[in-house]
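Structure at a glance
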Amino acid sequence: MDKRVLLIEDEPNIIEAIRFILARDGWRVDTHADGTTAFDRVAETRPDIVILDVMLPGRSGFDILRDIRADAGLGGLPVLMLTAKGQVKDRDLAERMGASRFMAKPFSNTEVLASVRELTGV
């Protein structure tokens, strides 16, 4: 069975770093960089997990998370939120909105891989 992650992120360096660590572990990594169409991409690809940046062009990661949690078919999808703003208020908001985990940038490769494995039960 394919292990699939959808990475919603607009920074090329972050995209390449996460793609590299997850692909090396056997994950198929799809990417999307536009907040406006991100929810449609989640619904279309039906990944095993979403890695979602907070600050995106068009719509915030919080808006997209709200849409995912409100959708009957996607509501239980694990969502790992990433942000350059590691502020407590952002972490609290993410938890209240149903993020499975919240990680501040910069992050360690080991931490990302361990979180993805744990959240998906792989």
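Residues numbered from 1 in each chain as written. Predicted model: local features only at pLDDT ≥ 70, side-chain atom pairs only at ≥ 80, totals over all residues. Heavy atoms only, no water.

Under an unreviewed UniProt entry, the name given to the chain is Two-component system response regulator, and the source organism is Rhodovulum viride.

**Structural notes on helix 1 (residues 12-24)**
Taking 1.5 Å per residue as the helical rise, helix 1 with its 13 residues ought to reach 18 Å, and the 18 Å between its terminal C-alpha atoms agrees with that figure. Within helix 1, burial applies to Ile14, Ile15, Ile18, Ile21 and Leu22. The arc that holds the buried residues of helix 1, viewed along the axis, is 145 degrees, so those residues lie on one side. In helix 1, those exposed residues whose orientation departs by more than 90 degrees from the buried face are Pro12, Asn13, Phe20 and Arg24. Contacts made by the buried residues of helix 1 are with strand 1 (3-8), strand 2 (27-32), strand 3 (49-53), strand 4 (79-83) and helix 5 (109-120). Immediately beyond the C-terminal end of helix 1, within one or two residues, lies Gly26, with a positive phi of roughly 95 degrees. (Helix = DSSP H or I, 4+ residues; strand = E, 2+ residues; numbered from the N terminus. Expected span 1.5 Å × (residues − 1). Buried < 20%, exposed > 50% of the residue type's maximum accessible area, 1.4 Å probe, protein only. Arc of directions from axis to C-beta. Contact = heavy atoms within 4.5 Å.)

**Focus on the UniProt feature "modified residue: 4-aspartylphosphate" (unreviewed entry) in the chain**
The UniProt entry lists Asp53 under the feature "modified residue: 4-aspartylphosphate" (unreviewed entry), expressed in the numbering used here. The topology assignment puts Asp53 in strand 3. (UniProt positions renumbered as here; feature names shortened; annotations may be inferred.)

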